[in-house]
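Now for the letters of each chain:
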Amino acid sequence: MRLFYMERYACYANQIRQEIHRNPEIGYDLGNTLAVIRRELTEMGIPYTEKFGKSSIVGVINPEKAGFTIGIRADMDALPIQEQTQANYASTVDGVMHACGHDVHTAILLATAKKLHDMQEQINCCVKLLFTPAEEYAPPGCQLMAEDGVMEDIDCVVSCHVDPNFPVGSVAIDEGGQGGNSLGFTLEFFGANTHAAYQHRGKDAITMAVQAYTALEMLVAKEIDPVEPCLLNIGAFNGGHTNNIICDYCSMYGTLRTHSDEVNDYLCRRIPQIADGIAAMHGGRAQFTVKKFLPAVINDAVITQRMYHAAATLLGEENIHHKKRTLTGEDFSYLCRRKPGMMFRLGTNGGERTAYPIHNPRFDVDEGCFAVGIDLFVQFVLENMDRV
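The structure presented is a predicted model; accordingly, all values stated were derived computationally and were not measured.

On to the sheet that holds strand β10 (residues 249-258), then. With antiparallel pairing, four strands are arranged side by side in an open sheet as β9-β10-β8-β11. Each edge of the open sheet is held by one strand with a lone partner, namely β9 (230-239) and β11 (285-294). The mean inter-strand angle of the sheet, taken between neighbouring strand axes irrespective of direction, is 20 degrees. Pairing of β9 with β10 involves nine bridges; the strand directions are antiparallel. For N238, the partnering residue across the bridge sits in β10 and is S251. Packed onto the sheet, helix α5 (residues 205-223) meets β8 (181-190), β9 and β10 and runs at close to 170 degrees relative to β9. Where helix α6 (residues 261-281) meets the sheet, its contacts fall on β8, β9, β10 and β11, and the angle it forms with β8 comes to roughly 5 degrees.

Below you can see the structure in the form of structure tokens.
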């Protein structure tokens with residue numbers, strides 16, 4: 001395997017990553033992060049637009065060679081987590097941290113842009129640099145960008161996600177479904193207050209919600225094929241104000257995770273049917289609301305094979321792993337379901353400091369991952385720039 005030193009593009013990525021990591025931002029409130037990207041693209045001489053969605057930037061290399069266009073995407077937002085790494089580039093924002101590696105993704109894409117721009121005359125295609133917001137937020141940033149037409153003139157799109165399950169210097173590449181459909185929803189139950197001593201005069205929303213909770217557990221157990229991956233979890237349950245008043249309002253906040261679009265659609269029909277029936281039985285009503293939906297990422301077979309070839313050329317096949325499919329969500333799906341695309345996993349584990357999982361307050365990456373991510377994106381462009 002080739003050794004990946006901290007050459008100048010990787011050093012550049014590491015510096016950018018540390019700057020962004022110190023100043024994490026959430027959702028669409030990405031003023032500092034967007035300013036860094038504007039500054040760097042301007043210094044490189046790469047034109048960009050901010051017309052797609054909200055709080056996004058799309059840079060363009062070789063706009064005159066739009067006969068074939070490759071999109072490369074990086075998300076930018078952080079998480080509401082208090083950092084515990086003790087790194088000299090640790091977050092300076094209380095309660096906010098880049099615990100999912102989006103700062104790494106952004107830095108790698110900027111460094112990829114720099115390298116591609118430096119060898120621009122050798123690149124025989126157009127490359128679009130998609131800096132996307134609010135992957136951890138609702139509505140998802142990629143959804144708004146896709147709805148605004150960002151994929152219309154892109155022929156294929158690729159992305160990466162840091163993964164401490166794999167050693168630095170390696171990647172995981174698989175075609176087909178990656179992660180799962182991820183749907184966040186609320187169930188609200190509306191009843192009527194009365195004194196607890198006269199409970200027969202009220203409509204108890206807590207009773208409705210408790211029975212609905214049990215029914216939803218049975219829904220997955222009895223109506224879904226047991227070999228079909230499916231998860232339904234209620235993470236928040238709130239209702240009532242004091243002990244002697246019958247509750248008139250109760251809410252549940254849950255997540256639904258599936259591998260199958262058909263199972264997802266079936267459950268989205270059945271959940272409100274069950275809630276409505278239980279509420280009506282108690283003289284109340286229910287409301288089912290989808291708060292956020294991320295379709296599962298589907299890695300296109302052809303694009304995945306091409307990325308595998310690029311990785312094998314760069315890293316050697318012995319450093320390409322396979323990842324067991326999970327039920328995690330990713331808004332890159334809104335891009336790769338419109339045009340052929342794929343996401344690979346970038347190994348970031350270089351030892352104890354970098355072995356913590358994503359969404360953990362001690363999450364960090366081995367700096368060797370920067371060169372791998374940059375060079376793999378560049379290799380993919382070089383191997384596929386003549387496709388039409």
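An order of β1-β2-β4-β3-β5-β14-β6-β13 is seen for the eight strands of this open sheet, with the pairing classed as mixed. One side of each edge strand has no neighbouring strand; the edge strands of this open sheet are β1 (48-49) and β13 (320-321).

Attention now goes to the side chain of S260. Looking at the secondary structure, you find S260 in the loop between β10 and α6. A polar side-chain atom of S260 sits 3.0 Å from a polar atom in the side chain of E262. Residues in contact with S260, not counting those within four places in the same chain, are N181 and E228.

The next thing to look at is unusual backbone geometry. Note that the residue after A138, namely P139, is joined by a cis bond; omega there is -5 degrees. Mapping P139 onto the fold places it in the loop between β4 (126-132) and α4 (141-147). Unusually for a residue other than glycine, N62 sits at a positive phi of about 60 degrees. Checked against the element boundaries, N62 lands in the loop between β2 (57-61) and β3 (69-75).

Charged atoms that come close allow side chains of opposite charge to pair. Under the criterion given, the structure shown has 16 salt bridges. Note that D364 is salt-bridged to R17, the shortest N-O span being 3.0 Å. Here D364, found in the loop between β14 (341-349) and α9 (369-384), pairs with R17, found in helix α1 (residues 8-22); they are 347 residues apart in sequence, far enough to count as distant. By relative accessible area, which is 0% here, R17 ends up buried. Linking E40 and R39 is a salt bridge whose minimum nitrogen-to-oxygen distance equals 2.7 Å. Overall, E40 belongs to the buried group, its relative accessible area being 7%. Connected via shared salt-bridge partners are R17, D103, R353, D364 and E367.

Now for a nonpolar patch on the surface. A surface patch of nonpolar side chains, about 310 Å² in accessible area, is lined by I206, V210, Y213 and F237. Top contributing element to the nonpolar patch by residue count: α5, with three residues. Position of Y213 among the secondary structure elements: in helix α5. Residue Y213 is classed as partly exposed on the basis of its relative accessible area, which comes to 33%.

On to the pairing of β8, then. The buried fraction of β8 amounts to eight of the ten residues, a majority that puts the element mostly inside the structure. Note that β8 and β10 share ten bridges and pair antiparallel. Opposite F185, over in β10, you have G254 as the bridge partner. With nine bridges joining them, β8 and β11 adopt antiparallel strand pairing. Following the sheet pairing, F185 is matched in β11 by V290.

Turning next to the layout of surface pockets. Approximately 750 Å³ is the volume found for the largest pocket. As for the largest pocket, its lining consists of 30 residues, of which E136, S182, R257, G329 and H359 are closest to the centre. Looking at the lining of the largest pocket, the elements with two or more residues in it are β5 (156-167), β8, β9, β10 and β11. At five residues, the largest contribution of residues to the lining of the largest pocket is made by β5.

On to empty space enclosed by the protein, then. Counted by the stated rule, this structure contains two cavities of 30 Å³ or more. Q178, G179, G180, A296, V297, T328, G329, E330, M343 and R345 together form the lining of the largest cavity. Taken together, the residues of the lining of the largest cavity sort by class into three nonpolar, five polar and two charged. Of the voids in this model, the second largest cavity is the one considered here, and its volume is about 30 Å³. If you go around the second largest cavity, the residues you meet are A172, I173, D174, Q178, N299, K323, M343 and R345. Here the residues of the lining of the second largest cavity sort into three nonpolar, two polar and three charged.

The rules behind these values
- Residues numbered from 1 in each chain as written.
- Predicted model: local features only at pLDDT ≥ 70, side-chain atom pairs only at ≥ 80, totals over all residues.
- Heavy atoms only, no water.
- Pairing = 2+ DSSP bridges.
- Helix = DSSP H or I, 4+ residues; strand = E, 2+ residues; numbered from the N terminus.
- Axes fitted to C-alpha atoms, helices over the stretch in contact; angles between N-to-C directions.
- Contact = heavy atoms within 4.5 Å.
- Polar contact = N/O pair within 3.5 Å; in protein donor to acceptor, adjacent residues only side chain to side chain.
- Salt bridge = Lys/Arg side-chain N within 4 Å of Asp/Glu carboxyl O.
- Buried < 20%, exposed > 50% of the residue type's maximum accessible area, 1.4 Å probe, protein only.
- Patch = residues over 30% accessible without salt bridge, like charges linked within 9 Å, V, L, I, M, F, W, Y side chains within 5 Å.
- Areas by Shrake-Rupley, 256 points an atom, 1.4 Å probe, with all protein chains shown as cover.
- 1 Å grid on protein atoms, 1.4 Å probe; cavity = no way out; pocket = protein on both sides within 12 Å on 5 of 7 lines; lining within 4 Å.
- Points joined across faces, edges and corners; volume = space filled by probe spheres on them.
- Nonpolar A, V, L, I, M, F, W, Y, C, P; charged D, E, K, R; others polar.

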